[in-house]
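A closer look at the structure
These are the residues of each chain, in order.
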Amino acid sequence: MTETTYKGAINKAIVDALAADDDVFFLGEDVGAAGGAFKTSVGIQERFGERRVLDTPISEQAIVGLAIGAAMKGLRPLAEIMFADFVGVAFDQIANQLAKYRYMTGGQVKLPVTIHLASGGGAGFGAQHSQAAENWLLNIPGLKLAVPGTPADAYGLMRAAVEDDDPVLFFEHKGLFNVKEDLPEEPARVELGRAEVVREGDAVTVVATQLMRHRALEAADALAGKGIAVELIDPRTLVPFDFATIATSVDRTNHLVVVQEAPAGGSWGATLISRIAAERFEMLDAPPALVVPPDTPVPYAGALEAAWLPDAEKIAAAVEASLAY
Amino acid sequence: MNERTRPAKLSAEERAEQLELLRAMHEIRFFEHECGRLFARGEVRGTTHLCEGQEAVSVGACRALREGDSMTCTYRGHGATLAMGAPLDESFGEVFGRAPGLCGGKGGSMHLTDLRVGALGSHAIVGAHLPIANGAAFEARYRGTGAVHACFFGDGSTNIGAFHESLNLASIWKLPVVFVCENNLYGEYSPLATTTPIERLADRAAAYGMPGERIDGNRVLEVREAVAAAVERARAGEGPTLIEAMTYRQKGHSRTDPAKYRPEGELEEWLARDPILLHGKWLAEAGVEQAEIDAAEAAAREAVGEALERALAWPEPEPAALLEDVWVAS
Ligand SMILES: Cc1ncc(C[n+]2csc(CCOP(=O)(O)OP(=O)(O)O)c2C)c(N)n1
Ligand SMILES: [Mg+2]
C-alpha cells in the first residue's frame, strides 16, 4: 500500500494505461514536456516519448477530432481538455461527432476515446475555469461520463475508461487533487455504472459526487453525532447511471437528498429525483430534496464562491428538513 | 485540354483505365438522377444534396488513392462515397432508409459511410470532419502503415474554425492527409465573394506552411494527377497539401433549392464544361471509338438501374433496431 493523492492516482492510471497497450496515446495542450497544467502528467512523456505523448496546439476541436479519427482506425486515444469549461470550444466534436458517429453509421465504427477534463469550483478560478460542466453533456446519448471522487476511483475509472470501447468523458475535480488514500501497487478497475455506498445508514439516502461527496460525508459525520444515520451513495459515473443501488437504498430509508455542484436545471440530480418520484412515489416519506448552488455563474471572491457552493451545513440542514417533514 | 495528361496514343490498358473514369462519373450522375427523381416521390426523406457537375473531383481524387487509404467527405458525399467503391445498391438503400442500406437506415443521404472501402463518413456539420480526417491520418503515421487520407469539403467550409485548426495541426505534425476543397462558387445560397475576402482559397495553405494548388476540378485527369502528387508527398512523410478544385454545382444547394440566385448564363457556361462531357471529348481526341465511350455510359446506366430495383425492394428497418448501435457494450 502506498499513500497516493488523487492527482498521483490519475498520473499512475495514465502511465499504466500507456504501458498496457501500444494502441493508447495521449494528447493535449502541455501534457507532454510541461507535465500538464495541473501536473497530472508529470514524467509521462519522458517515459513514453513524443510518439505516444503529444503536445498539441491550442485547438480543442482539432484535439477531439483527431482522437475520433484515430479511434475509428483502431487506436485508443486519451485526449485532454485542460479545463472542463473549454468543452464548449469542442462541443460540436463531442456532441455531434463523437456521440453520434457509431449510431449514424449503423454500428460500423466504435470510438474508444477517453477525454480527460479538469472540472469544478472552490479554488478561485472564476466563472470561466470553475464549472462542473458534466451536466452539459448529460443530454447526449452516446457519451459515458465518469466523475471520480477519490484516488481509488480516479485510478479505477480512468483505467476502465481507456479500456472501454465507447467514448468516455473523465472529469477530474480540481478541488480534490491533494486528497490522499492508500492504494495497492495495482489498484482495481472501477466498472463504469457501479455506484459506491460510501457509508451505510437507515435514516436518509444522500447522493453526491466529487467535492460534494466529501462535503456530504462531513455532514454525515455531524449528523451521526445527533443520532441520524445517513446512507451516502456516490454514483461515480453519471452515464451509465446506477439507479438500482440508489432506488434500493431509498426503498429502505424513504428519504432522498441529492447534492450537486451545479444549478438544478437539466442536471443529473434533477433527473434522479424525477425518476425516483415517478417510479417510487409511494416509498417516499418526504419530498426528495436537491441541494444545489444558485442559478448564477461561479463567482470569484472567496466569500462569494463559498456561499455559492453547497457546504456540509446546507447538506445537513436539508437532511434534517427531510426527516422533519 | 490538359496537355500534360494527354498521351499521344493510348495503349489498350490506358484506354480501359480512361473509360473506367468516365464510367465511374456516369455512375454517380445516374445515381443522383435517381435520388432526385425519388426525392420527388417521397422515397428520400428530409433533404439530399447532389454533386451533379462535381463528379470529376470525386472520381479523380479517389482514383489517386490505393487500398488501405481512406476518405471523409460532406453531406454532398454521394460522389466521393461511390468513387471509393461503396456498392450502388447499399448506397441507394441508405438514401431510402432501408435495412440493408450502408448504415442500416440510420444515416441517410447525408451520412453515407462504408468502412469496407475506406469511406469513413459523410458529415453534415460544415467543417467538422477535417479534425477527424487528421485522426485517420495520424493512425497511419502512428502505426507506420503508409496509408494516406483524402478529405473533401466545400469552399464555404474554409471559413469555419475547424478548417483552420485542422490545417494547422496537420501541418505541424506532417500528417499524411490531402485536403481537397471543392470550390463550387457557392456556400448554400451565398456566392463566395460575399463571404470570403480572398478569391483564391488555395492561398490559405500558405498560412499553415503547406503547399496550396488551384486546379481545374472539371477535368478528371487533372484532379487525379494533382491529388496523386499530394498523396505521394503525404506518403513520403512530407505532410499535407491543400488542393482547391474549381468546379460547379449544377443543381441547387439541396433538392428544394431552385438556385434562382445564379447570374444569367453562369449555369450554361459551366454546362459547356461539364466534367463528363470534357472527359468524353478527351477520349475521342485520344482516338477512342465513340462506341466504347457510349458503352461506358450504358454500363453505368444499367448498373444503377439494377441496383435501384434491388434497393427499392428492400424492407425498412424493424422498429427495434432504433435501440441498437448507441453503445458497443452496455
Ligand atoms: C456548422 C454548420 N453551419 C451551417 C450549416 C448549414 N449549411 C449546410 S451546407 C452549407 C453550405 C456549405 O458550403 P460549402 O462548404 O461551400 O459546401 P457545398 O454545399 O457548396 O458543397 C451550410 C451553410 C451546417 N450544416 N453546419
Ligand atoms: Mg460550395
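Residues numbered from 1 in each chain as written. Chains lettered and ligands numbered in written order. Predicted model: local features only at pLDDT ≥ 70, side-chain atom pairs only at ≥ 80, totals over all residues.

1. Some remarks on the overall build of chain A
We apply this condition: Here a strand is any run of E in DSSP of at least two residues, a helix any run of H or I of at least four, and the numbering for each starts at the N terminus. The quantity called the radius of gyration is restricted to C-alpha atoms. Its globule counterpart is 2.2 Å times the number of residues to the power 0.38. With C-beta atoms placed from the backbone, the exposure class of a residue follows from how many other C-beta atoms lie within 10 Å of its own: 20 or more, buried; 12 or fewer, exposed; in between, partly exposed. By the criterion used throughout, residues are in contact when their C-beta atoms, derived from the backbone, lie within 7 Å.
The helix and strand inventory of chain A stands at 11 helices and 14 strands. The C-alpha radius of gyration computed for chain A amounts to 20 Å, which stays within 12% of the reference 20 Å derived for 325 residues, consistent with globular compactness. Considered along the principal axes of its C-alpha atoms, chain A spans approximately 60 × 45 × 40 Å. The buried share of chain A, taken over its 325 residues, is 58%. Sequence-distant contacts in chain A: of pairs separated by 6 or more residues, those separated by 24 or more amount to 79%.

2. Brief notes about the pairing of strand E13 (residues 256–259) of chain A
Residue and element names in this part refer to chain A. Condition: DSSP calls a pair of strands paired once it identifies at least 2 bridges connecting them.
Residues Leu256 and Val258 line one face of E13 and the alternating positions Val257 and Val259 line the opposite face, and both faces are buried. Here strand E10 (residues 204–208) runs beside E13; their pairing, made up of four bridges, is parallel. For valine 207, the partnering residue across the bridge sits in E13 and is valine 258. Bridge analysis of E13 against strand E14 (residues 289–291) gives three bridges, and the strand direction is parallel. Counterpart to valine 259 in the pairing with E14 is valine 291.

3. So, the sheet that holds strand E3 (residues 53–55) of chain A
All names here are of chain A. Basically, it comes down to this: To obtain an axis, a line is fitted to C-alpha atoms, over the contacting stretch when the element is a helix, and the angle between two such axes runs from 0 to 180 degrees between their N-to-C directions.
Pairing within the open sheet is mixed, and its seven strands lie in the order E3-E2-E4-E5-E7-E6-E12. Each of the sheet's edge strands pairs with one partner strand only, and the pair in question is E3 and strand E12 (237–239). Direction aside, neighbouring strands of the sheet carry axes that sit 20 degrees apart on average. Sheet analysis places strand E2 (residues 24–28) next to strand E4 (residues 76–83), joined by four bridges and oriented parallel. The residue bridging valine 24 from the neighbouring strand is arginine 76, located in E4. Contacts between helix H1 (residues 6–20) and the sheet are confined to E2, E4 and strand E7 (168–173), with E2 contributing the most and set at about 135 degrees to the helix. Taken strand by strand, helix H6 (residues 151–163) contacts E2, E4, strand E5 (114–119), strand E6 (144–146) and E7, and its axis lies near 160 degrees from that of E7.

4. Some points on the interface of chain A and chain B
Here is the rule: Residues are grouped as follows: Ala, Val, Leu, Ile, Met, Phe, Trp, Tyr, Cys and Pro are nonpolar; Asp, Glu, Lys and Arg are charged; all remaining types, including Gly, are polar.
The interface of chain A with chain B comprises 35 residues on the first partner and 33 residues on the second. Per-element tally for the side of chain A that touches chain B: the top contributor is helix H3 (residues 60–72) of chain A, with 10 residues. Considering only residue class, the side of chain A that touches chain B consists of 15 nonpolar, 14 polar and six charged.

5. Observations regarding the site of ligand 1
All names here are of chain B. What counts, and what does not: Near, for a residue, is defined by distance from a backbone-placed C-beta atom to a molecule or strand, with 6 Å as the limit that must not be exceeded.
Lining the immediate surroundings of ligand 1 are 16 residues, of which Val126, Gly154, Gly156, Ser157 and Gly187 lie closest. At the level of elements, strand E3 (149–154) and strand E5 (186–187) are the ones that each hand at least two residues to the shell around ligand 1. In terms of residue class, the shell around ligand 1 is built from five nonpolar, seven polar and four charged.

6. Details of the sheet that holds strand E1 (residues 70–74) of chain B
The strands making up a sheet are joined through hydrogen bonds of the backbone, oriented either antiparallel or parallel. All names here are of chain B. Read from one edge to the other, the open sheet built from six strands follows the order E2-E1-E3-E4-E8-E7, with strand pairing classed as parallel. Bordering the open sheet on either side are strand E2 (119–123) and strand E7 (212–216), each of which pairs with just one other strand. Adjacent strand axes in the sheet meet at a mean angle of 20 degrees when their direction is disregarded. Alignment of E1 against E2, held across four bridges, turns out to be parallel. Opposite threonine 74, over in E2, you have histidine 123 as the bridge partner.

By themselves, these are just geometric observations and shouldn't be taken as functional.
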